[in-house]
Amino acid sequence: MTGLLGLATLLLVGKAAALSPDCVNGPLRNNTVCNTSATPLDRATALIDLFTIAEKINNTGSTSPGVPRLGLPPYQWWSEALHGVASSPGVNFSSSGNYSYATSFPQPILLGAAFDDALITAVATVVSTEARAFNNANRTGLDFWTPNINPWRDPRWGRGQETPGEDPYHLSSYVHALIDGLQGGYDPKYKRVVATCKHFAGYDMETWNGNFRYQWDAQISSQDLVEYYLPPFQSCARDSNVGAFMCSYNAFNGVPTCADEYLLQTVLREHWGWTNEQQWVVSDCDAVQNIFMPHDYASTREQAAADALNAGTDINCGTYYQNHLPAAFAQGLFNESTVTRSLVRQYSSLIRLGYFDPPEEQPYRALTWSDVDTAASQQLAYQAAVESIVLLKNDGTLPLSVKSNTSIALIGDWANATKQMQGNYFGVAPYLHSPLYAAQQLNVTVNYAQGIGGQGDPTTNNWLPVWDAADKSDIIIFAGGIDNSVESEGMDRVSINWSGAQLDMIGQLAQYGKPMVVLQMGGGQIDSSPIVSNPNISALLWGGYPGQDGGVAIMDILTGKKASAGRLPATQYPSEYIRQVPMTNMSLRPGPNNPGRTYKWYNGTAVFEFGSGMHYTNFSASINSTYNSKNFSISSLTSNCNESYMDRCTFQNFAVDVHNTGSVASDYVALGFLTGSFGPQPYPKKSLVNYQRLFNVKPGSSETATLNLTLGSLSRIDEMGNRVLYPGEYALMVDTTPLAMVNFTLSGQPAMLDKWPQPPPARTQNGTYYVSGFDGEQLLN
Ligand SMILES: O=[N+]([O-])c1ccc(O[C@@H]2O[C@@H](CO)[C@H](O)[C@H]2O)cc1
């Protein structure tokens, strides 16, 4: 178990550090660290050279005391900002007045549904701006342990809500846009903040059937690893130059990830070129302790701490390093140069954030409370929710026509949701506008009844006001679904059904025969087939966790002030899915006890497919016919590619003409899926290869989406994890039910785009040998 008490204590300390070291009058003023024209590496090295070994070890934890004799202040590394500056050890909201709140955007799972990378950059830019303003008031750190970018493999996962969904291409693109906004570009002189891609790697389960995140060993084949679990992390490290990584609680093929030199050194630093020594790896909180217990990977606490440090875990979240590295050093389990390397990485990173530099030289030091919760950021939080909400069923009742004499029943636990709208990892929002609040702003009569609380209980005491509200109203809106009482950190779901009580109430409300809308809220998808098949239910929307203005966004879509255009970022499986596959089975492809995972491989019928989402209008699309039936030679594609990473080379930019054939202006997300027969069998059903959101396409008019396909998006992963371009038959389709399609072929010999570094042949855990590259619990003694 983690040291919950120790971590709880950490939550209470480390709040009041000095803003930055005093490079004018302090003891460091003549040290190179204060010389702004020296390189970050030289500056950090000069600083760490002054530390004794005890001072070095003292500063390896998330709560770093600094070095008082050098005038180096304490620093709290643990700040969170998943969808807005969030309550965490390093973030200190004032109890009132200035700095008492920050913009609260929708949860990533809903933001993912917008399929709008520019929106994600804009959201992240607001988050980093507000974070900087808070930092200038000494109320946060400069690094944030976000994003959570583990692909959402299994619908039960309680933390899938923190991710943008299930598709690795989508996640890679999303996280690139996000890091751009958080850090301020690929390599700016001063980073806005440092982002932390977590949890590296294979972490996507809290607790299932006796397995829990602190001891679980994720068995992942090289093919699945490279194809599914790692692309977002590659995007973070190689393509976005993220400042930090977090290793995870679980083990990967027998080795706890924070002690895994293969992941942290061979893959992350060597293969992905994440080598500039201004970047660091932090452990998940107390994950280093878990290497000793319950992983039982290291035989002593000192060995666990040394294993992690030697493997490349630079900071330990918690106090385990500070407690156990002194003895580990005395036992000769690591060299002083290794801890020096970690501290140089940490302080170079702070140097890149301007920590030691005069305020007047840095753009972000001027940000203040007046840059928080601005009119523009309020509008963006609203816009983000509007863009993301997904319409799943509509018999034509939506948009609702409401007049002053219209009466609306608003029923269910989500109707008056406030904090619930933020999901988890949230801060204090400036306001939380529930659907009820939004309905009350309309010039209509609103009859509200909470009905059942949460998932409901078998008693029907609270139901009478529900029937009363329904009786009195022209339109019935039921706002329910799930929330953090059933999906959360530490808690995976045990059912992907609607709760019986909610479904019962929905069914009875439908019998009124009035126009009826169901809002399916929460991060995880629930099997809504009873709602889809009920002819008395007019419409179904998925609203996720929509953030501070979620209620207004929902109501504006329901009443047609805004047109819906979000797309599901995860498959909605039928309820039996979770009985067909153990949560611990990491394989993507169908196999024994596994119907396949994600839209690419699931061999059953989804209730709603990944990418589903309706509009208030209709669209047609066509792809420029010059590409049709074309043959491309693999050798000329690769010989014309001059990128250092060949998967990044452009293949073709496909122009897609999108025409609004209906009568309502609407956004449209052009999703480009590749299908065909090429590469190793089995073939995926299809794969997302690019997307573009078009805005406000007017009735009768057309806009052009450009789907940019790279060589990487045409490639497949072989069983060794190599990325290869294969000859074969390809088709590019636009949308889930294709509106347009183009076929082409690739000919010639397969070409290697990326040769994957093989893991050590046998991974040992207490004398038991695990072999990677297989599916399932295969042990060789
Ligand atoms: O004991 N605690 O106080 C505690 C708090 C949070 C916690 O979760 C971990 O901390 C987060 C750090 O960013 C990771 O995303 C999550 O896996 C684990 C333990």
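Refer to the structure printed above.
These numbers come from a predicted model, not from an experiment. (Residues numbered from 1 in each chain as written. Predicted model: local features only at pLDDT ≥ 70, side-chain atom pairs only at ≥ 80, totals over all residues. Heavy atoms only, no water.)

Colleague: So what exactly am I meant to see when it comes to empty space enclosed by the protein here?
Modeller: Which parts of space are left empty comes out when a probe the size of a water molecule is rolled across the atoms. What the rule picks out here adds up to 4 cavities of 30 Å³ or more. When its volume is computed, the second largest cavity comes out at roughly 90 Å³. Residue lining of the second largest cavity: 13 residues in total, with A81, L82, H83, Y174 and L178 positioned closest to the centre. A per-class count over the lining of the second largest cavity returns 11 nonpolar, 2 polar and no charged. There are two domains that each give the lining of the second largest cavity at least three residues, and those are domain 1 (32–102 + 121–159 + 181–209 + 238–371) and domain 2 (103–120 + 160–180 + 372–616). (1 Å grid on protein atoms, 1.4 Å probe; cavity = no way out; pocket = protein on both sides within 12 Å on 5 of 7 lines; lining within 4 Å. Points joined across faces, edges and corners; volume = space filled by probe spheres on them. Nonpolar A, V, L, I, M, F, W, Y, C, P; charged D, E, K, R; others polar. Domains from an automatic or database assignment.)

Colleague: Please explain the nonpolar core as it appears in this structure.
Modeller: The tendency in soluble globular proteins is for nonpolar side chains to be buried side by side. F200, F245, W272, F356, I411 and L509 are the most contacted members of the largest nonpolar core, which totals 159 residues. Examining the composition of this core, we find that 9 residues originate from one element, helix α5 (residues 117–136), more than from any other. When we break this core down by domain, the ones giving at least three residues each are domain 1 (32–102 + 121–159 + 181–209 + 238–371) and domain 2 (103–120 + 160–180 + 372–616). Other than its neighbours up to four places away in sequence, L509 contacts I411, V466, W467, A470, I476, F478 and M516. (Core = buried A, V, L, I, M, F, W, Y, C linked by side-chain atoms within 4.5 Å. Buried < 20%, exposed > 50% of the residue type's maximum accessible area, 1.4 Å probe, protein only. Helix = DSSP H or I, 4+ residues; strand = E, 2+ residues; numbered from the N terminus. Contact = heavy atoms within 4.5 Å.)

Colleague: Please explain the site of the ligand as it appears in this structure.
Modeller: By nearness alone, 15 residues border the ligand, and E80, R159, H199, D284 and E489 come closest of all. Take K198: an N or O atom from its side chain is 2.9 Å from an oxygen atom of the ligand. (Near = heavy atom within 4 Å. Polar contact = N/O pair within 3.5 Å; in protein donor to acceptor, adjacent residues only side chain to side chain.)

Colleague: Would you take a moment to explain the pairing of strand β22 (residues 687–697) for this structure?
Modeller: Residues in a regular strand point their side chains to alternate faces of the sheet. Across the 11 residues that make up β22, a large majority, 8, are buried. Examined bridge by bridge, strand β21 (residues 666–678) and β22 share 8 bridges and lie antiparallel to one another. Each bridged residue has a counterpart across the sheet, and for Y668 the counterpart in β22 is L694. (Pairing = 2+ DSSP bridges.)

Colleague: Can you help me understand the sheet that holds strand β4 (residues 194–200) in this one?
Modeller: Sheet strands associate in pairs through backbone hydrogen bonding, adopting either a parallel or an antiparallel arrangement. Strand order across the open sheet formed by 4 strands is β3-β4-β8-β11, with parallel pairing between neighbours. Among the strands making up the open sheet, the edge pair consists of β3 (143–144) and β11 (280–283). Relative to strand β8 (residues 244–247), β4 runs parallel, the two being bridged by 4 bridges. Across the sheet, residue K198 finds its bridge partner in β8, namely M246.

Colleague: In this structure, what is going on with the side chain of D116? I would like to understand it.
Modeller: Relative to the elements of secondary structure, D116 occurs in the loop between α4 (108–112) and α5. Among buried charged residues, D116 stands out as having no salt bridge; its nearest opposite-charge side chain is R693, 4.7 Å away. (Lys, Arg positive; Asp, Glu negative; His and termini not counted. Salt bridge = Lys/Arg side-chain N within 4 Å of Asp/Glu carboxyl O.)

Colleague: Just checking my understanding: could you explain the packing of aromatic side chains for this structure?
Modeller: Scanning the model with the defined rule gives 42 aromatic pairs in all. Both rings, one in F678 and one in Y730, keep their centres 3.7 Å apart while their planes meet at 15°; by these two values the pair is stacked. Separated by 52 residues along the polypeptide, F678 in strand β21 and Y730 in strand β26 (residues 728–734) bring together distant segments of the chain. The buried category is assigned to F678, whose relative accessible area is 8%. Here Y730 and F744 contribute two aromatic rings whose centre-to-centre distance is 5.5 Å and whose plane-to-plane angle is 10°, an arrangement assigned as stacked. On the criterion of sequence distance, the pair formed by Y730 in strand β26 and F744 in strand β27 (residues 740–747) is long-range, its members being 14 residues apart. There is no split in this pair, since Y730 and F744 are both buried. Clustering of aromatic rings is evident, with ring pairs tying together F51, Y75, W77, W280, Y347, Y355 and F356. Its guanidinium or amino end placed over the ring of F673, K686 lies 4.3 Å from that ring's centre, counting from NZ or CZ. (Phe/Tyr/Trp six-rings, centres within 6.5 Å; stacked < 30°, edge-to-face > 60°. Lys NZ or Arg CZ within 6 Å of the ring centre and 35° of its normal.)

Colleague: What is the right way to read helix α19 (residues 550–558) from this model?
Modeller: Helical geometry: 3.6 residues make up each α-helical turn, so side chains three or four residues apart lie on a common side. Summarising burial for α19: 9 of the 9 residues are buried, a large majority. Looking at the buried residues of α19, the elements they touch are α14 (375–388), β13 (407–411), α15 (435–441), β15 (475–481), β16 (516–521) and β17 (539–544). G560 sits one or two residues past α19 and shows a positive phi near 85°.

Colleague: I tried to follow the packing of helix α2 (residues 40–49) against helix α13 (residues 336–352) on my own but got confused; where do I start?
Modeller: Any two packed helices are characterised by the angle at which their axes cross and by the distance between the axes. Interaxial distance between α2 and α13 falls to 8 Å at its minimum, and their mutual angle equals 125°. Taken together, α2 and α13 sit at an angle that is classed as oblique. Judged by the twist between their axes, the crossing of α2 over α13 is right-handed. Contact residues: α2 offers P40, L41, R43, A44, T45, L47 and I48, while α13 offers T340, L343, V344, Y347, S348, I351 and R352. When the residues that make up the contact of α2 with α13 are grouped by side-chain class, the tally is 9 nonpolar, 3 polar and 2 charged. (Axes fitted to C-alpha atoms, helices over the stretch in contact; angles between N-to-C directions. Parallel < 35°, antiparallel > 145°, perpendicular 65-115°, else oblique. Left-handed = near helix turned anticlockwise from the far one by under 90°.)

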